[in-house]
Amino acid sequence: MKDKILNKEISGRKEIYADDKIRFDCHSGVACFTRCCKDADMYLYPYDIIRMKNRLGIPSDQFLKKYVIQAIRDNSYFPSLMLKMLDDEEKTCPFLSDEGCTIYKDRPFSCRAYPLERAVARSGYKNGRKVLYFIMRHDHCLGHKEAREWTVAEWIQDQQIEVYNEMNDLWVDIDSIFRSNPWGSQGVDSAALKMAFMACFNVDEFKKFIFESTFLSRFDLTGERIEKLKTSDVELMKLGFDWTMFFLTGTGPLFLTHSKKDSP
Ligand code: SF4
Ligand code: SF4
């Protein structure tokens, strides 16, 4: 049975289900090849940045300066991050070449998921998250006229989206906190926002912060987790999320060392 909670078109997007079929293909033979890599809002999430900066072999702060723009979009209390397009006539993605995407294996979620859009319910579901998929259509995209058929599940597998979904689901919890104006009257200029931004998006700076301060002695982390933090950007990102939740809400899986010792 299909897992269904809504069955309607929302803002021109059509909701679909994992076993629904879509007709779509994208390859170098389509007349619109790379059209979508120009003048587009490509949103970036924390895991995207890890994949891309490691692909390029540069630290996260350099990546953020060179390739990212920030703008207040659907959340008034935290900026959205997007790929910075080149300042040329067509506003071309900096990673586009004549042959296509030069970072294809590490392209961000927004690029790999199209024409699917994934939405995760933030609350209201007691037995895990509710996930909705939508199909998007842009007039310029001729991929919808191709004959190849996929189920939604096959498309997700083919585009290697699962790991992105897993990481982005963790981000939803933090993003939800940011939407509640945790900065109070200081608003988006608050020092807390800058720290949260660093912990979530600037993984190499966050690494310096935790290893070059008293952080590791103040928080109750296992030796195994500390060892992983030395080599894994994903582990750093997850700790960044935990720490952001801790200092903005006082909840979550992270505890101060003394609070654990003092607890009964
Ligand atoms: S990252 Fe790659 S797929 Fe995404 S817009 Fe740029 S060139 Fe296109
Ligand atoms: S516009 Fe559509 S078919 Fe054309 S390259 Fe982009 S995603 Fe592929």
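Residues numbered from 1 in each chain as written. Chains lettered and ligands numbered in written order. Predicted model: local features only at pLDDT ≥ 70, side-chain atom pairs only at ≥ 80, totals over all residues.

Asks: When you look at the pairing of strand β5 (residues 80–83) in this model, what are you seeing that I'm missing?
Replies: Side chains on a regular strand alternate between the two faces of the sheet. Because side chains alternate across β5, one face comprises the buried residues L81 and L83, and the other comprises S80 and M82, none of which is buried. As defined by bridge partners, strand β4 (residues 68–71) adjoins β5 across 4 bridges and the pair is classed as antiparallel. Residue pairing in the sheet places A71 in a bridge with S80 of β5. (Buried ≥ 20, exposed ≤ 12 C-beta atoms within 10 Å, placed from the backbone. Helix = DSSP H or I, 4+ residues; strand = E, 2+ residues; numbered from the N terminus. Pairing = 2+ DSSP bridges.)

Asks: Is there a simple way to think about the confidence of the model for the chain in this case?
Replies: Averaged over the chain, the pLDDT score is 90; the fraction of residues at 70 or greater is 91%. Scored below 50 in pLDDT, residues 1–11 makes 12 contacts in the model with residues more than four places away or belonging to other chains. (pLDDT = per-residue confidence, 0-100. Contact = placed C-beta atoms within 7 Å.)

Asks: Explain the domain arrangement of the chain to me, please; I cannot follow it from the model alone.
Replies: One frequently used descriptor of interface size is the decrease in accessible area upon assembly of the parts. Each assigned domain of the chain is listed with its residue range as follows: domain 1 (9–168) and domain 2 (183–262). Relative to domain 2, the C-alpha centre of domain 1 lies at a distance of 28 Å. Every contact between the two is made by 11 residues of domain 1 and, on the other side, 11 residues of domain 2. Listed by contribution, the elements that provide at least two residues to the side of domain 1 that touches domain 2 are α1 (46–56) and α2 (60–67). No other element matches the 5 residues that α1 contributes to the side of domain 1 that touches domain 2. Looking at the side of domain 1 that touches domain 2 residue by residue, the class counts come to 8 nonpolar, 2 polar and 1 charged. (Domains from an automatic or database assignment. Nonpolar A, V, L, I, M, F, W, Y, C, P; charged D, E, K, R; others polar.)

Asks: Where do I start with α2 in this structure?
Replies: Turning to α2, its buried residues number three or more, namely S60, F63, L64 and Y67. End-on view of α2: buried residues confined to an arc of 105 degrees, all on one side of the axis. Among the exposed residues of α2, those oriented more than 90 degrees off its buried face are Q62, K65 and K66. (Arc of directions from axis to C-beta.)

Asks: Help me understand unusual backbone geometry, please; the structure alone is not making it clear to me.
Replies: Most peptide bonds are trans, and most residues other than glycine sit at a negative phi. Of note, the bond from Y114 into P115 is cis; its omega dihedral lies within 30 degrees of zero at 15 degrees. Along the polypeptide, P115 turns up in the loop between α3 (109–113) and β8 (116–120). Despite not being glycine, T34 has its phi angle at roughly 75 degrees, a positive value. Considering the arrangement of structural elements, one finds T34 in the loop between β3 (21–23) and α1. We note that D39 has phi near 50 degrees; this positive angle belongs to a residue other than glycine. By the secondary structure assignment, D39 is in the loop between β3 and α1.

Asks: Would you take a moment to explain the site of ligand 2 for this structure?
Replies: Around ligand 2 lies a shell formed by C26, V30, C32, F33, T34, R35, C36, Y114, H140, C141, L142 and G143. For the shell around ligand 2, the residue count by class is 8 nonpolar, 3 polar and 1 charged. (Near = placed C-beta within 6 Å.)

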